[in-house]
Structures are given as C-alpha cells and as structure tokens.
Amino acid sequence: MDRATEEQTDYAAELKVALAAAEEAGRMLRARFGDTWRIGVKGEDGDVVTELDLAAERIVLGRLREAFPEDRVWSEEAGVLAGAADRTWLVDPLDGSNNVAIGLPTYAVGIGLCVAGAPVLGVVHEPHTGAMWHAVRGGGTYGRGGRLGADGEGPVLAAGPAPAAGPVPAAVPVPAAETLPPDVAVPASSPRLVVAWTQGHSVRKDDALAEALRVALERRTRRVLALWAPLLGWSMLARGTIDGFVGYCAEAVDFPPGALLALEAGCEFRTLEGGPFRVGFAGPDTTRCFVAGRPGVLDRLVALTREAVGAAVA
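Residues numbered from 1 in each chain as written. Predicted model: local features only at pLDDT ≥ 70, side-chain atom pairs only at ≥ 80, totals over all residues. Heavy atoms only, no water.

Asks: Residues and numbers for helix H2 (residues 12–32), please.
Replies: With 21 residues, H2 extends 30 Å from end C-alpha to end C-alpha; this agrees with the ideal 30 Å at 1.5 Å per step. Of all the positions in H2, only Glu14, Leu15, Val17, Ala18, Ala21, Ala22, Ala25, Gly26, Met28 and Leu29 are classed as buried. Along H2, the residues classed as buried sweep out an arc of 165° about the axis, all on the same side. Away from its buried face, by an angle of more than 90 degrees, H2 presents the exposed residues Lys16 and Ala31. Gly34, located one to two residues past H2, shows a positive phi value of around 95°. (Helix = DSSP H or I, 4+ residues; strand = E, 2+ residues; numbered from the N terminus. Expected span 1.5 Å × (residues − 1). Buried < 20%, exposed > 50% of the residue type's maximum accessible area, 1.4 Å probe, protein only. Arc of directions from axis to C-beta.)

This is how it looks when you write it as structure tokens:
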C-alpha cells in the first residue's frame with residue numbers, strides 16, 4: 001500500500017463524518033438563504049454573526065462530538081471545546097457571514113482536522129453551487145469530478161453543477177490584453193496574475209504592512225480577490241482558477257482546512273519574505289503571514305511581497 005492510500009485509509013472515518021456534516025450544514029444554509037434572521041455584531045472590528053452561523057455550527061459540532069467525543073474542537077462561534085490536544089477539529093460553519101448578511105451568496109462551510117498541529121484533513125463545501133472539495137494529507141485534493149491536477153497545467157472543472165450556459169471552457173492561450181472566461185486559469189506565462197487576499201480580524205485599518213501589501217498587489221497583479229470568505233479562495237487556488245493567495249495574520253480556524261486543499265493540489269507556501277512556511281493553527285496570528293501558489297508563479301509573488309515588506313519597514 002502506497003503512502004497516499006495509507007493516509008486516505010487512516011482518516012477515512014473522519015473524512016466521511018466531515019463530508020456529511022458539511023453537506024447537512026450546507027443544505028440548511030442554502031434552504032434558509034434569503035430568509036429573515038437576526039444579525040449580531042462581534043468584536044471591535046464589527047464582524048457579524050447570524051442565526052445561520054449558529055445553526056450551521058450546531059449541526060457540525062453535533063456530528064463531530066457524536067463521532068469523536070474525545071477530540072478537541074475549535075469552532076468559529078463556540079470557541080474551544082475541550083478534548084485530546086493532539087487532535088483538533090477546526091470548524092468555520094459559515095465562512096462569509098458578512099456576505100450572507102447583505103444578501104451575497106458567496107459563502108462556504110469549512111471543516112479541518114489537525115494532528116500534532118498540522119492539517120491532515122480539510123473539507124470545503126460551497127452550498128450555493130453544491131461544490132464539495134476535500135483533501136487528506138498525502139492523498140491529494142478531490143472534487144466531484146475526481147482528483148485535482150497537481151501540475152498546474154490549466155484549470156480543473158468545478159466540482160459543483162455546471163452553469164446553465166454549459167461546461168466550464170478549457171484553457172486556451174490568449175493575448176494578455178484579452179478577457180479570459182471567469183473559470184479559466186490565467187496562463188502561467190501571463191505577466192498579470194489573479195490572486196486572493198485575506199487578513200485576520202485583528203489587523204488594524206492603519207496597519208502599514210497590510211496597506212503596503214494590498215497596494216503592491218493591486219498595482220502589480222491583474223485582479224485581487226478579497227472575498228470575505230477565504231475558504232472560497234482556497235478552492236479556487238486548488239483547482240487553478242486563480243494564481244496565488246497572499247495572507248496577512250490569517251484567521252486560525254479556517255486557514256488549515258483551506259490551505260490543505262492547495263497543498264495537496266500541488267501548491268507551495270512561503271513567508272512574505274520567501275522563507276519556509278509551515279501550515280498550522282497554533283501560535284499568534286502573526287505566524288500566519290504567507291504567500292501560496294504553484295511553483296511557476298510563487299517566485300514572482302514572493303518577489304512582490306518581499307519588496308512590499310522592505311518598503312513598509314524601511
């Protein structure tokens with residue numbers, strides 16, 4: 001039995017439960033999207049929490065606690081539920097609460113499992129499209145259509161239902177000035193990259209480094225996606241519809257599940273200055289500043305972020 005098969009077998013039970021929990025929570029979120037429900041505010045930055053967050057969280061936590069009662073769980077709204085410290089489930093029951101609160105159907109359910117601080121399982125479900133992405137360490141990243149390519153040569157078809165207009169078109173070489181279809185990856189040879197951006201709730205609006213990074217990305221890439229739902233950015237990076245992901249003090253709960261999708265699809269990670277980076281949830285949020293992308297793109301993104309860091313601290 002090869003390593004990938006061993007890893008998949010080792011966590012088969014956990015993956016089954018996580019997929020079922022994400023699907024059940026997603027079904028509820030999709031059914032109730034657009035209903036009238038209460039919206040609250042949490043934290044000094046004005047982040048929101050809705051009834052849907054709490055309802056989805058109850059579904060996921062119920063499944064996890066029933067199947068793995070001895071494991072520790074860290075959930076976005078409930079906080080840390082005590083259990084064995086070497087196995088920690090990370091739950092973001094509704095990533096994109098701010099989007100949902102304004103009627104924007106851009107959100108996801110994220111579930112991950114970390115063992116000894118490192119992610120071994122990640123599930124990202126996009127309820128509005130029905131797409132489900134999952135990865136197990138050493139076993140690759142999968143959608144409904146099968147395993148995502150690890151070579152970065154063109155996009156992978158979305159795991160959810162195809163749009164009404166037909167299937168996602170195949171990537172074709174086009175001049176940089178032309179408009180690419182929305183689900184086609186920017187070719188690696190393009191000088192203008194499409195990247196996702198995320199920053200943690202603790203980042204102040206006057207943070208000089210965050211501002212320098214955002215300005216550099218806006219000026220020197222084709223498009224910067226700030227989705228208010230970083231898990232969606234990870235699924236896009238994993239399947240090749242965007243080129244990279246830059247994070248500054250990323251949130252601990254949703255980072256490992258999404259990052260594992262990208263890792264197992266062939267992406268690599270570096271610090272903002274180009275050093276080695278280890279994906280995990282432990283430690284202060286300042287340890288979760290990163291650049292992620294495929295090998296052919298990563299060096300170009302790191303050169304950009306390294307320059308921004310140098311300018312901000314000069």
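Read on for the rest.
Asks: Can you tell me about the packing of aromatic side chains, naming the residues and giving the values?
Replies: Under the counting rule described, the total for this entry stands at 14 aromatic pairs. A connected cluster of aromatic rings, assembled from ring pairs, spans Trp234, Phe245, Phe255, Phe269, Phe277 and Phe290. Stacked on the ring of Phe68, the Lys or Arg Arg87 has its end atom at 5.7 Å from the ring centre. (Phe/Tyr/Trp six-rings, centres within 6.5 Å; stacked < 30°, edge-to-face > 60°. Lys NZ or Arg CZ within 6 Å of the ring centre and 35° of its normal.)

Asks: Lay out the sheet that holds strand E10 (residues 146–147) in plain terms, naming residues and giving numbers.
Replies: The 8 strands lie next to each other as E4-E3-E5-E6-E7-E8-E9-E10, forming an open sheet whose pairing is mixed. Looking at strand neighbours, the two that pair on one side only are strand E4 (79–81) and E10, the edges of this open sheet. Both strand E3 (residues 71–75) and strand E5 (residues 84–95) contribute to a ladder of 5 bridges, which runs parallel. Directly across from Asp71, in E5, lies its bridge partner Ala84. (Pairing = 2+ DSSP bridges.)

Asks: Explain the side chain of His134 to me, and be specific about the residues and the numbers.
Replies: Positionally, His134 belongs in strand E8 (residues 131–136). The class for His134 is buried, based on a relative accessible area of 16%. In this structure, His134 is in contact with Leu15, Leu19, Gly122, Val123, Gly140, Thr141, Tyr142 and Leu261, ignoring residues within four places of it in sequence. (Contact = heavy atoms within 4.5 Å.)

Asks: Please provide a residue-by-residue account of the nonpolar core, values included.
Replies: One finds Met28, Leu29, Val60, Trp89, Ile111, Leu121 and Val123 to be the most contacted residues of the largest nonpolar core, which totals 31 residues. Elements represented by at least two residues in this core include exactly H2, helix H3 (51–67), E5, strand E6 (108–115), strand E7 (118–126) and E8. Top contributing element to this core by residue count: H2, with 8 residues. Those residues in contact with Val60 that sit more than four places away from it in its chain are Ala21, Ala25, Val91 and Ile111. Listed in part, the 24 residues of the second largest apolar core include Val224, Cys249, Cys289 and Val291. (Core = buried A, V, L, I, M, F, W, Y, C linked by side-chain atoms within 4.5 Å.)

Asks: Please provide a residue-by-residue account of unusual backbone geometry, values included.
Replies: Of note in the backbone geometry, Ala116 takes a positive phi value of approximately 55° without being a glycine. Tracing the backbone shows Ala116 in the loop between E6 and E7. When its relative accessible area of 62% is taken as the criterion, Ala116 is described as exposed. Non-glycine residue Trp228 carries a positive phi angle of around 60°. Within the secondary structure layout, Trp228 lies in the loop between strand E12 (223–225) and helix H6 (230–239). A relative accessible area of 54% means that Trp228 is categorised as exposed.

Asks: So, the environment of Gly79: which residues are in play, and what are the values?
Replies: Within the secondary structure, Gly79 is located in strand E4. Not counting chain neighbours up to four residues away, the residues in contact with Gly79 comprise Val73 and Trp74.

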